[in-house]
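If you want the building blocks of each chain, they are given just below.
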Amino acid sequence: MLFNSFEFILFLPIVIFAYYLIPQKFRWTLLLLASYFFYASWKVEYLILIIASTLIDYWCGLKMGNYETKKKRKPFLILSLISNLGLLFTFKYYNFFVESINDSFISLLDAEELPLWESLILPVGISFYTFQTLSYAIDVYKGKQEPEKHLGYFALYVSFFPQLVAGPIERFSTLTPQFKKAIKFNYIDFANGVRLIIYGLFVKMVIADNLAELIDPVYENPETYSSLAVTKSIFLYPFQIYGDFYGYSMVAIGSALLMGIKIMDNFKTPYLSKSIAEFWQRWHISLSTWFRDYLYFPMGGNRVSKGRWFYNVFVVFVLSGIWHGANWNFIIWGALFGVIYWIEKSIKLKGLSSKLLDVTLMLKTFIITSLIWVFFRSENLTDALNHFSLAVNPSIKDSLELAIPITTAVMLFLFILSDILLYNKRFDIAVGKMNIVLRWGIYMTVVFCVIVFASVKSHNYIYFQF
């Protein structure tokens with residue numbers, strides 16, 4: 001069930017209405033059933049996986065709570081790690097290894113096709129909910145979190161539908177207590193939730209989906225396009241993936257906020273960052289902080305020698321690439337961010353501060369991230385290198401151009417302008433402080449753009465594949 005689908009437009013109001021209608025003690029049941037229905041709408045068979053993951057981590061948490069020492073808790077932490085990572089590796093990396101083995105046999109036997117095993121379909125959201133349950137198990141092991149004794153609340157933490165399939169990745173200590181509170185209808189929260197949803201749909205349907213119509217054909221057949229067209233695709237894709245994922249996150253946060261439940265911001269104007277380090281403090285914040293808290297800090301963080309620090313940074317970025325999928329492109333994508341992060345940290349710009357310098361650094365960061373996104377977007381390493389090669393080579397005769405429709409260009413300009421104006425602010429809060437005329441003018445403009453300028457073709461959210 002896509003956020004930008006007719007089914008969700010019906011589903012969400014029904015859940016919200018029932019949520020405020022029933023007593024608080026029954027709300028967890030409603031939300032759990034709604035979340036399972038939401039997830040089953042993708043593929044009902046995969047409910048078994050999320051339920052199995054929930055039961056294993058719930059039991060491991062209870063068992064760890066019975067012991068005071070980490071030594072006695074460790075076997076149950078290991079079981080949680082094996083079950084969650086095993087589930088993740090099986091469904092996310094199985095196909096990569098199978099295809100590699102198949103290719104080896106095909107090459108060895110000079111056969112055209114040798115299907116040894118069937119491919120597995122990746123369950124939506126598996127990377128997100130496994131990391132969410134892992135954080136709970138690790139916190140219980142460390143004694144930072146008391147184990148949850150109520151299976152229903154724990155199951156809801158794992159499967160809460162607004163952020164189930166593409167985050168943000170929430171911590172148990174911040175999300176679950178909200179399920180247990182008697183939340184009364186709050187007009188400000190409800191209004192902010194509506195604002196986030198309509199703006200999130202605008203960013204997804206008007207910006208990301210329209211850009212997808214332009215960019216996807218170039219990445220699929222770059223040889224048929226001019227070098228200028230390929231170059232345009234490189235610098236437009238960052239806005240496509242940002243609009244796609246940022247739009248999802250705003251609808252997720254807004255949907256939860258309609259029920260008075262607050263989940264973390266996942267983006268804070270990342271393309272206005274002056275460095276790669278700042279970019280990762282503003283992009284996919286829930287994943288960045290997860291790796292920081294559960295990998296980087298335990299490895300020693302920056303409280304180690306310079307060589308060890310570089311190793312820590314590099315490992316975190318490479319693993320963040322692997323988290324996205326078993327593909328050399330993702331590994332290179334993560335490694336490049338790690339190397340540039342280290343280089344920028346090693347260069348000190350002491351005493352230099354000006355608006356011109358800030359703008360220059362922002363442009364530098366945007367150009368670097370745009371180039372690295374090519375590895376993320378391409379199907380494989382050969383395609384990525386070919387994309388770069390075609391971008392710098394002279395155009396071939398009769399090659400296609402990438403013409404940007406005037407409406408798409410105007411909408412993209414407005415989106416970039418809004419990001420600049422919203423620097424370090426959130427759309428709903430900033431708009432809520434405006435006078436009523438300006439506020440309603442923005443509402444009507446955004447809704448009008450969604451109705452009139454949304455892409456005629458609906459695209460799946462990019463991060464559903466992770």
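Use the structure listed above.
What you see is a predicted model, and the numbers here were worked out from it, not measured in a lab. Here, residues in each chain are numbered from 1, in the same order as that chain's written sequence. Side-chain atom pairs in this predicted model are given and counted only at pLDDT of 80 or more, local residue features only at pLDDT of at least 70, and totals for whole chains, interfaces and linings cover all residues. Here the side-chain values reflect all heavy atoms present in the structure, with hydrogen atoms and water set aside.

J.: Give a detailed account of the overall build of the protein chain, specifying residues and quantitative values.
T.: Here a strand is any run of E in DSSP of at least two residues, a helix any run of H or I of at least four, and the numbering for each starts at the N terminus. For the protein chain, the helix and strand inventory stands at 18 helices and 0 strands. Seen through its principal axes, the protein chain has C-alpha atoms that stretch 70 × 65 × 55 Å. The buried label goes to any residue with under 20% of its type's maximum accessible area, the exposed label to any with over 50%, and the partly exposed label to all in between, with areas taken from a 1.4 Å probe on protein chains only. Burial statistics for the protein chain: of 466 residues in total, 53% are counted as buried. If you sum the accessible surface of the protein chain, you get close to 22200 Å²; carbon and sulfur atoms cover 67% of it. Accessibility throughout is a Shrake-Rupley quantity obtained with a 1.4 Å probe, and a residue counts as covered only by protein chains that appear here.

J.: Tell me about the packing of helix H3 (residues 47-65) against helix H6 (residues 151-159), residues and numbers included.
T.: What counts as an axis is a line fitted to C-alpha atoms, over the stretch in contact for a helix, and the angles between N-to-C directions run from 0 to 180 degrees. Here H3 crosses H6 at 130°, and the two axes come no closer than 10 Å. Classified by the angle between their axes, H3 and H6 sit oblique to one another. When the axes of H3 and H6 are compared, the crossing they make is right-handed. Taken together, the residues of H6 that come into contact with H3 (itself represented by Ile50, Thr54, Leu55, Asp57 and Tyr58) are Leu151, Phe154, Ala155, Val158 and Ser159. Partitioned by chemical class, the residues of the contact of H3 with H6 number 7 nonpolar, 2 polar and 1 charged. To sort the angles, those under 35 degrees are grouped as roughly parallel, those over 145 as roughly antiparallel, those from 65 to 115 as roughly perpendicular, and the leftovers as oblique. Should the near helix be turned counterclockwise from the far one by less than a right angle, the crossing is left-handed, whereas a clockwise turn marks it as right-handed. Working rule for contacts: check all heavy atoms of both residues, and any pair within 4.5 Å makes them a contact. Each residue gets one label: Ala, Val, Leu, Ile, Met, Phe, Trp, Tyr, Cys and Pro are nonpolar, Asp, Glu, Lys and Arg are charged, and the others, such as Gly, are polar.

J.: Give me the packing of aromatic side chains: which residues, what numbers.
T.: Two aromatic rings, drawn from Phe, Tyr or Trp (for Trp, its six-membered ring), form a pair once their centres lie within 6.5 Å of each other, and the interplanar angle then sorts them: stacked below 30 degrees, edge-to-face above 60, tilted otherwise. One pass over the structure, following the stated rule, counts 74 aromatic pairs. Aromatic side chains tyrosine 199 and phenylalanine 427 sit 4.0 Å apart centroid to centroid with 5° between the ring planes, which places their arrangement in the stacked category. Of this pair, tyrosine 199 sits in helix H8 (residues 187-220) while phenylalanine 427 sits in helix H17 (residues 427-432), and the two are 228 residues apart along the sequence.

J.: Requested: an account of a nonpolar patch on the surface, with residues and values cited.
T.: Patch definition: residues with relative accessible area over 30% and no salt bridge; like charges joined within 9 Å; nonpolar side chains (Val, Leu, Ile, Met, Phe, Trp, Tyr) joined within 5 Å. One speaks of a salt bridge when a side-chain nitrogen belonging to Lys or Arg is within 4 Å of a carboxyl oxygen belonging to Asp or Glu. Together, Ile406, Val410, Phe413, Leu414, Leu417 and Leu421 make up an exposed nonpolar region whose accessible area comes to about 580 Å². Positionally, isoleucine 406 belongs in helix H16 (residues 406-421).

J.: So what's going on with the environment of valine 140? Which residues, and what values?
T.: With respect to the element layout, valine 140 can be found in helix H5 (residues 126-142). Along the primary structure valine 140 and glycine 167 are separated by 27 residues, whereas in three dimensions their C-alpha atoms are 21 Å apart.

J.: Describe in detail the nonpolar core, supporting the description with residues and values.
T.: Membership of the largest hydrophobic core comes to 143 residues, with the highest contact counts inside it found for Leu31, Phe161, Phe202, Ile261, Trp283 and Tyr463. It is helix H9 (residues 227-257) that provides the largest number of residues to this core, a total of 17 residues. Residues contacting tyrosine 463, with those up to four places away along its chain left out, are Phe128, Val165, Ala166, Ile241, Asp244, Phe245, Trp283, His284, Trp323, His324 and Phe376. Within this scheme, the nonpolar core is defined by two criteria: the residues are buried Ala, Val, Leu, Ile, Met, Phe, Trp, Tyr or Cys, and they are joined through side-chain atoms within 4.5 Å.

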